[in-house]
Amino acid sequence: MPVHFVRRAFVVLASAMLVLAACTAVSPSESATESESASESAAVSVAPEPQEILVLEWGGYDDPAFFADFAAASPEVPVSFEFGLSDADILGKMEAGSQADVFHFYSGWQQFYVDQGLVQEIDTSQLTNWDKVPDSFKAQGQVNGIQYFLPWDWGFSSILYNTEEVPEVTSWDVLLDPAYAGHISMWNDGPAAVTVSAYVHGYDETAITDQQLADIEAEWIAQKPLNAFYWSSEYDDLCPGVMDQTVWIAYAWQGCYATALYEGTPVAYANPSEGRNSWIGFYGISADTDSYQLALQFLDDKLADLTMSNVVNLFYYGAANQDVMDAIEDPVLIEAFGVDDPAILESTNFTPPVTDAQRTAWTEMWARVAAE
Amino acid sequence: MLGRRGTLPFLVGPPLAWLVGLFVVPLFVIVLFSLRPESGIVPPGSAWNPSLIQYGKVLDTPAFLRLLGTSALVAFIVAGAATLLAYPVAYFLAFRAGERATLYLTLLLVPFAVSYLLRIMTWKLMLGPAGVINSLLSGAGMIGEPLDLLLYSRPAVVITLVYVWIPFAALPVLAGLQRIQRSQLEAAADLGAGPWARFWRVTVPLSVPGAVAAFFMVFIPTVGEYVTPTLIGGTGGIMYGNLIQGFFGSAGNWPLGAALAMIMLVLTVVLVATAARIVNVRRLLS
Amino acid sequence: MRRRPSPAIGVGRTRVPLRGFYVAMLVLLYLPIAILLIFSFNPSQRLAFPLQGLTLDWYAAVLGDASLLKAARNSLLVGAGAATVATALGTLVAIATLRFRFRGRSALLGLAVLPLVVPFAVMGVAIFLLLVSLDIDKSLFTVVLGHSVIALPYATLIVLSRLGGLDPALEEAAMDLGASYPTTLRRVVLPLMGTALLSAWLTAFVVSFDEVALAVFLVGGDPTFPVLLYGRLRFGGQLPILISMAVLLTSVTIILSLVALRLSRRRE
C-alpha cells in the first residue's frame, strides 16, 4: 500500500468538495445586504426593521409557489425556513426560543401558544385580503376574542376508498371492518384514532372517559392486523399504496384523493353519515419578533389570490381565501372540497382543541396499540 | 521531545473533552428529562420535580417490554446475518482484490450517499407483488402466487436491514483480516495445511475480533431502528424505536420518550457487556 | 508431506466464487440507484412502471432550484467536517486504547462507542436542549457537532480493528532511532493505517450525509439535503426533482472518489 496514497486521496476529496461547494454557493444574504445599503442611502424614514423573515414551517411549504405574491412584491427580502416535523415539534421549537418570526400549525393547538405568551395579536386592519376569509375560519383563529391566528390552508379528513373493490362508504366504521383485512391504511396518529371511534360510537370528543378510552384501545388493537400499514406521510406512504391498489380503504386527507384520481385510480372520497372531519392550518406571529410589519406583509400576501390558488392547484389543500375557493372549476376539486354543497362546512366536524392531558392519554394509548 | 508517556494527554484529552461536552452532558439531559413527571410538551425552564413515573409507565406495560425483547432479537438476527454475509465480501477485498481493494471498497460505500428514503422507495418496488423479486420467482416457477411477506412485514424489515448493513459490516471485518500477515499463512502452508485448513485454523480465528466488532456495530443501533420499520414494516414489523420516535416526534411527549430510550440503552449496554465478557473468556481458553 | 504447499497464499485458486459474491453484492446495492436513474428521466411523477417517455426536464429543474443546490452544498460541507473530526478523534482513541495502559482505558473506549446505542432522534433532542440552555443558535456548525459524535463510534471501531494488527515493535524501532512519539505516529503508524483511515472517513461522511433524525433538530434556517428531502417528499410533485438531485449527487460522489483514487495511484 503506497505510503502517501491516503494523504493525496484526502486532499483531492476535500478540495474537490470545497470547489463543488463554492460552485453551488448561492448567497441571498449577500444580495440582500447590497440592496439594504442601497435603500438606506435613499433615506426613507421608516422604523428600521431587519429586512428578512424566518418561517417555522412544515416541509414542502418552503416551495416559492406558497409565497409567490410576497416574492413578487418584495423580491429583495430573503425568506428562510426552519422545519418542524409535527404540531408538537413546532410548539416545542417555539417554546425553546426559535428565532422564527412566523410559524404554521394546525387545529387544536391554539390555546398552548396563547397560554405561554408565544404569539401576538394580528392587526387585521392592515390586511388587505382579510375580507376574503370566511367568518367561521376567522373565529377559529381567535382565542378569548383576540385574533391571534391567521387561517390559511384547510382540508378534510375522511375515508378514501377504491370504488372497484368497495361499495359506497357511508360510515367511518368501514376502517374497522375485517372484511377488508390487509387492505386498510390508518394514519399513524392516536388522536385521529380516538376521533374516528368517537364518531362511530357517538362519544364526545372533548370528554372521553377512561372506560371509553379503554374500549377505544381494544378496538384499535383488534383493527391493527387489518392494515396493510400505518401511514405517516401522505404522499410517499399512503398515495403510492392507494395508486397501486394495495390499499382499498384509508383514513386520508383530500390531497391524496385528488392525486390518485388524476392518476386514473378509481377512488372516491366519502361523505360518511357521521360527517367528515376538518382542520385548519394557522399562522401566528411570534411574540418576540422584531419584524412585525414585515410579518404582517408576509401573511397578507400569503392570503392573496395567486398564492392561495397555488395551494389549491398544486397541493390540493383548501384555501382560506373564499374568492379562490369559489373560482374552482375542476370537478375533482369541487368534489373533494364539497364546493357545491354550501352546508358542507356546517355538517363537518372541526377538530376541537384538546388539553395536554387528553393528548397525552391518547398518544400513550396509541403507543400501546402499536406495541401489541 | 515528547516521549510516549508525554503524548498520552494529547491522545486522551481531545476525544474525552468532545465526548463529555457533546455526548455525556446531553445524555445527562435526557436522563433528567426521563425523570420528569409531566407528560407532553414541557417548556424549557420549568421546574424539575424528579419522579419515576415515566419508568413506571414503561415497566407496567408488558407490550412495551415485549416489543423491546423482539427488537433485540431482530437486531441479533440482522447483525449475525449481516456479519456472516459481509465476511466473503471482506475476504475478497482483503485477499483477492489486490491493488484494487480500495477502489472496490469505495464502490461498496458510495450507494450510501444516496438518500435512504429514495433507495427504500425503489426497494419497495422490487419487493412488491408486481416487483422484480416476485416476477423472477414466479417466472422461474418457484411460486404460484406473489409472496406477501416480502413487503410490509417483519421479515421484510429483517431482509432490508441485512441488505443495508452488509457493506458497513464488511469494514471492521476487512480491517481485522488485513491484520493477518502472510508469514502466518505461509508458516501454516509449510506445515502442510491446505487452503481450507489454513482458512479455518489461521484466518478465521485471527479475524474474530473484526467480526465481533462488526457484529456489535450492527447490533447496537438496530435495536433502536425505526426508519425501515416505518417504511416497509407494516403493522407487524413495528419496532421499539418506533415508540421512541413517536414520542419525540408527533406525540410530543419527551419525558416518556426519554424513559423508553434510557431503558433501551441500559438493556443494550448490559447485553453488549455480557457478550464482551463471553468473547473474552473464550479467547482466553482457546 | 502429504500435500504440496499451495503456491499463492491468500491469492489462491479455491472453488469459492468470492469475486462472484462481491459482484452480486454490488449489483444488489446499485440496483436501486439504477432504478432511480431510470426514473429520473421519466416524465411521470409516480414511481411505477411502465415508463412514460424520456425527459431531461427534472435535471433542468434541479439546476434552477437554488435552495436544493444550497442544501446539497450544506450536506457536503457538514459531511466533510463531521467525517474529519470523527476520524481524527477516533484515531486518537484507538491509539490511546491500544498502545497505552491507564486507568479508565476501557471506559474511554466504551464511551467512544456508546453513541451507537442512543437513537439519533434522542441525541438530536438532547443536543438541541443543550444548545438552548447555552443560548447557542442552531446552524450548520451545530449539525457538524452532532454528526461528529454519532459518527465517532464507526470511525473508532474501524481504526481500532486495523491498529490492533500493527506490530508495536515498529514504533519502538522508530523511537530507538531517535524519533519522538508524535513523529513516530505521524510518519510510521498513520501511513500504515492508510486504508483504515480512509474507510473511517468515508464511513463517517456517509453516516452524516444522509442523516436526518438528528439534523432536523440541530439545523437552523439552512437545511441539509436530507432534511430538505424529507420535508419535500410530503409533496407529490417533488419526487422526480428530488430523484434527479439524488442521482446527480451520487454521480458526483462516484466521480470524485474515482478521481481521487486514480490520482493517488498515478504518483506511486
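Keep in mind it's a predicted model, so treat the numbers as computed, not measured. (Residues numbered from 1 in each chain as written. Chains lettered and ligands numbered in written order. Predicted model: local features only at pLDDT ≥ 70, side-chain atom pairs only at ≥ 80, totals over all residues. Heavy atoms only, no water.)

Asker: Help me understand the overall build of chain B in this model?
Answerer: When helices and strands are tallied, chain B shows 12 helices and zero strands. By principal-axis analysis of the C-alpha atoms, chain B measures approximately 70 × 70 × 35 Å. When contacts within chain B are restricted to residue pairs at least 6 apart in sequence, those whose partners lie at least 24 apart make up 65%. Between the centroid of the 17 positive side chains of chain B and the centroid of its 8 negative side chains there is a distance of 10 Å. (Helix = DSSP H or I, 4+ residues; strand = E, 2+ residues; numbered from the N terminus. Contact = heavy atoms within 4.5 Å. Lys, Arg positive; Asp, Glu negative; His and termini not counted. Charge placed at Lys NZ, Arg CZ, Asp CG, Glu CD.)

Asker: Would you mind going over the pairing of strand 3 (residues 102-106) of chain A with me for this structure?
Answerer: Here is the key point about a regular strand: its side chains alternate between the two faces of the sheet. Residues and elements named next belong to chain A. A large share of strand 3 lies buried, amounting to five of its five residues. Bridge count for strand 3 against strand 11 (residues 277-286) is five bridges, and the pairing is antiparallel. If you follow His-104 over to strand 11, its bridge partner there is Tyr-283. (Buried < 20%, exposed > 50% of the residue type's maximum accessible area, 1.4 Å probe, protein only. Pairing = 2+ DSSP bridges.)

Asker: Which parts of the structure should I look at to understand the nonpolar core?
Answerer: Considering soluble globular proteins, one finds that nonpolar side chains tend to be buried as a cluster. Judged by nonpolar contacts, the single largest core of 323 residues is most densely connected at Tyr-113, Phe-149, Met-186, Ile-249 and Tyr-251 of chain A together with Leu-93 of chain B. Among the elements that make up this core, the one with the highest residue count is helix 3 (residues 62-96) of chain B (17 residues). Residue contacts for Leu-93 of chain B: discarding those within four places in its chain leaves Ala-101, Tyr-104, Leu-105, Leu-108 and Leu-174 of chain B together with Tyr-22 of chain C. (Core = buried A, V, L, I, M, F, W, Y, C linked by side-chain atoms within 4.5 Å.)

Asker: Help me understand the interface of chain B and chain C in this model?
Answerer: A common way to express how large an interface is: the accessible area buried when the components associate. Contact with chain B, which involves 93 residues of that partner, is made by 99 residues of chain C. Summing both partners gives a buried area of about 9,100 Å² for chain B against chain C, and 79% of it is carried by carbon and sulfur. Here chain B and chain C share zero salt bridges between them. Seen at the junction of chain B and chain C, the total is six residue pairs in polar contact (both at pLDDT 80 or more). Looking at the side of chain B that touches chain C, the element that brings in the most residues is helix 1 (residues 4-34) of chain B, giving 22 residues. The residue makeup of the side of chain B that touches chain C, split by class, is 69 nonpolar, 14 polar and 10 charged. (Buried area = accessible area lost by both parts, 1.4 Å probe. Salt bridge = Lys/Arg side-chain N within 4 Å of Asp/Glu carboxyl O. Polar contact = N/O pair within 3.5 Å; in protein donor to acceptor, adjacent residues only side chain to side chain. Nonpolar A, V, L, I, M, F, W, Y, C, P; charged D, E, K, R; others polar.)

Asker: So what exactly am I meant to see when it comes to the pattern of salt bridges here?
Answerer: When their charged atoms lie close together, side chains carrying opposite charge are able to pair. By the definition in use, this model includes 11 salt bridges over all chains. We note a salt bridge from Lys-132 of chain A to Asp-305 of chain A, for which the minimum N-O separation is 3.2 Å. Taken together, the residues Lys-132 of chain A in the loop between strand 4 (119-120) and helix 6 (135-140) and Asp-305 of chain A in helix 12 (residues 305-315) connect sequence positions 173 residues apart. Here Asp-305 of chain A falls in the partly exposed class, since its relative accessible area comes to 35%. With a closest N to O distance of 3.2 Å, Glu-38 of chain B and Arg-36 of chain B form a salt bridge.

Asker: What am I meant to see in the side chain of Thr-83 of chain B here?
Answerer: Its place among the elements puts Thr-83 of chain B in helix 3. Setting aside residues no more than four positions away along its own chain, Thr-83 of chain B makes contact with Ala-169, Val-173, Ala-211, Ala-214 and Phe-215 of chain B.

Asker: What is the right way to look at the interface of chain A and chain B in this model?
Answerer: With 28 residues of chain A at the interface, the matching set in chain B holds 29 residues. Buried area between chain A and chain B, summed over both chains or domains, comes out near 2,300 Å², and the portion from carbon and sulfur atoms is 64%. Counting across the interface, chain A meets chain B through two salt bridges. Glu-372 of chain A is the partner of Arg-66 of chain B in a salt bridge, and the nearest nitrogen-oxygen pair spans 3.9 Å. Scanning the region where chain A abuts chain B turns up three residue pairs in polar contact (both at pLDDT 80 or more). Mapped onto the side of chain A that touches chain B, the elements with two or more residues apiece are helix 4 (87-95), helix 9 (234-243) and helix 16 (356-371) of chain A. The element that contributes the greatest number of residues to the side of chain A that touches chain B is helix 16 of chain A, accounting for eight residues. Considered class by class, the residues forming the side of chain A that touches chain B number 13 nonpolar, six polar and nine charged.

Asker: How should I be thinking about helix 5 (residues 120-133) of chain C in this particular structure?
Answerer: Note: α-helices contain 3.6 residues per turn, so residues at a spacing of three or four share the same orientation. All names here are of chain C. When the terminal C-alpha atoms of helix 5 are compared, their 20 Å separation across 14 residues agrees well with the 20 Å that a helix rising 1.5 Å per residue should span. Burial analysis of helix 5 places 11 of its 14 residues in the buried class, which makes it a mostly covered element. Among all positions in helix 5, only Ala-121, Val-122, Met-123, Gly-124, Val-125, Ala-126, Ile-127, Phe-128, Leu-129, Leu-130 and Leu-131 are buried. One or two positions beyond helix 5, positive phi appears at Asp-135, with a value near 60°. (Expected span 1.5 Å × (residues − 1).)

Asker: Is there a simple way to explain the environment of Ala-228 of chain A in this structure?
Answerer: All names here are of chain A. Summarising the element assignment, Ala-228 is placed in the loop between helix 8 (210-223) and helix 9. Ala-228 gets classed as buried once you look at its relative accessible area, which sits at 9%. A sequence separation of 39 residues divides Ala-228 from Val-267, and the C-alpha atoms of the two residues are 18 Å apart.

Asker: Looking at this model, I keep getting lost on the pairing of strand 7 (residues 149-162) of chain A. Mind explaining?
Answerer: All names here are of chain A. In terms of residue burial, strand 7 counts as a mostly covered element, since 14 of its 14 residues are buried. Relative to strand 11, strand 7 runs antiparallel, the two sharing eight bridges. Within the sheet, the bridge partner assigned to Asp-153 lies in strand 11 and is Gly-281. For strand 7 and strand 12 (residues 318-319), the ladder comprises two bridges, and the chain directions are antiparallel. Looking at the pairing, Asp-153 lines up with Ala-319 of strand 12. Two strands pair when backbone bridges link them, and strand 7 and strand 9 (residues 249-253) are joined in this way by five bridges, in the antiparallel orientation. Note that in strand 9 the partner of Ser-158 across the bridge is Ala-252.

Asker: Teacher, can you tell me more about the domain arrangement of chain B here?
Answerer: Residues and elements named next belong to chain B. What the domain assignment lists for chain B is domain 1 (1-34) and domain 2 (51-285). Relative to domain 2, the C-alpha centre of domain 1 lies at a distance of 28 Å. Taken together, the contact pairs five residues of domain 1 with 10 residues of domain 2. For the pair domain 1 and domain 2, the summed buried area comes to about 570 Å², and 80% of that belongs to carbon and sulfur atoms. Interface area lost by domain 1 to domain 2 is led by Ile-30, Phe-33 and Ser-34, which between them contribute 80%. Applying the counting criterion to the domain 1 and domain 2 interface returns zero salt bridges. At the junction of domain 1 with domain 2, the criterion picks out one residue pair in polar contact (both at pLDDT 80 or more). Residues that form the side of domain 1 that touches domain 2 fall into these classes: four nonpolar, one polar and no charged. (Domains from an automatic or database assignment.)

Asker: Explanation requested: the packing of aromatic side chains in the structure shown.
Answerer: Residues and elements named next belong to chain A. Counting across every chain of the model gives 61 aromatic pairs over all chains. Measuring from ring centre to ring centre gives 5.4 Å for Trp-154 and Phe-156, while their planes differ by 85°; the resulting arrangement is edge-to-face. For Trp-154, a relative accessible area of 5% gives the class buried. Judged by its relative accessible area of 0%, Phe-156 falls in the buried class. (Phe/Tyr/Trp six-rings, centres within 6.5 Å; stacked < 30°, edge-to-face > 60°.)

Asker: In this structure, what is going on with a nonpolar patch on the surface? I would like to understand it.
Answerer: All names here are of chain B. Together, Leu-16, Val-20, Val-24 and Val-25 give the surface a local cluster of nonpolar side chains, amounting to about 250 Å² of exposed area. Inspection of the secondary structure puts Val-20 in helix 1. Val-20 gets classed as partly exposed once you look at its relative accessible area, which sits at 36%. (Patch = residues over 30% accessible without salt bridge, like charges linked within 9 Å, V, L, I, M, F, W, Y side chains within 5 Å. Areas by Shrake-Rupley, 256 points an atom, 1.4 Å probe, with all protein chains shown as cover.)

Asker: Looking at this structure, I do not really get unusual backbone geometry. What am I missing?
Answerer: Trans is the prevailing form of peptide bonds, just as negative phi is the prevailing case for residues other than glycine. Look at Tyr-316 of chain A: it is not a glycine, yet its phi comes out positive at around 60°. The topology assignment puts Tyr-316 of chain A in the loop between helix 12 and strand 12. Here the phi dihedral of Tyr-152 of chain B falls at roughly 55°; this positive angle occurs in a residue that is not glycine. In this fold, Tyr-152 of chain B is placed in the loop between helix 6 (132-139) and helix 7 (154-178).

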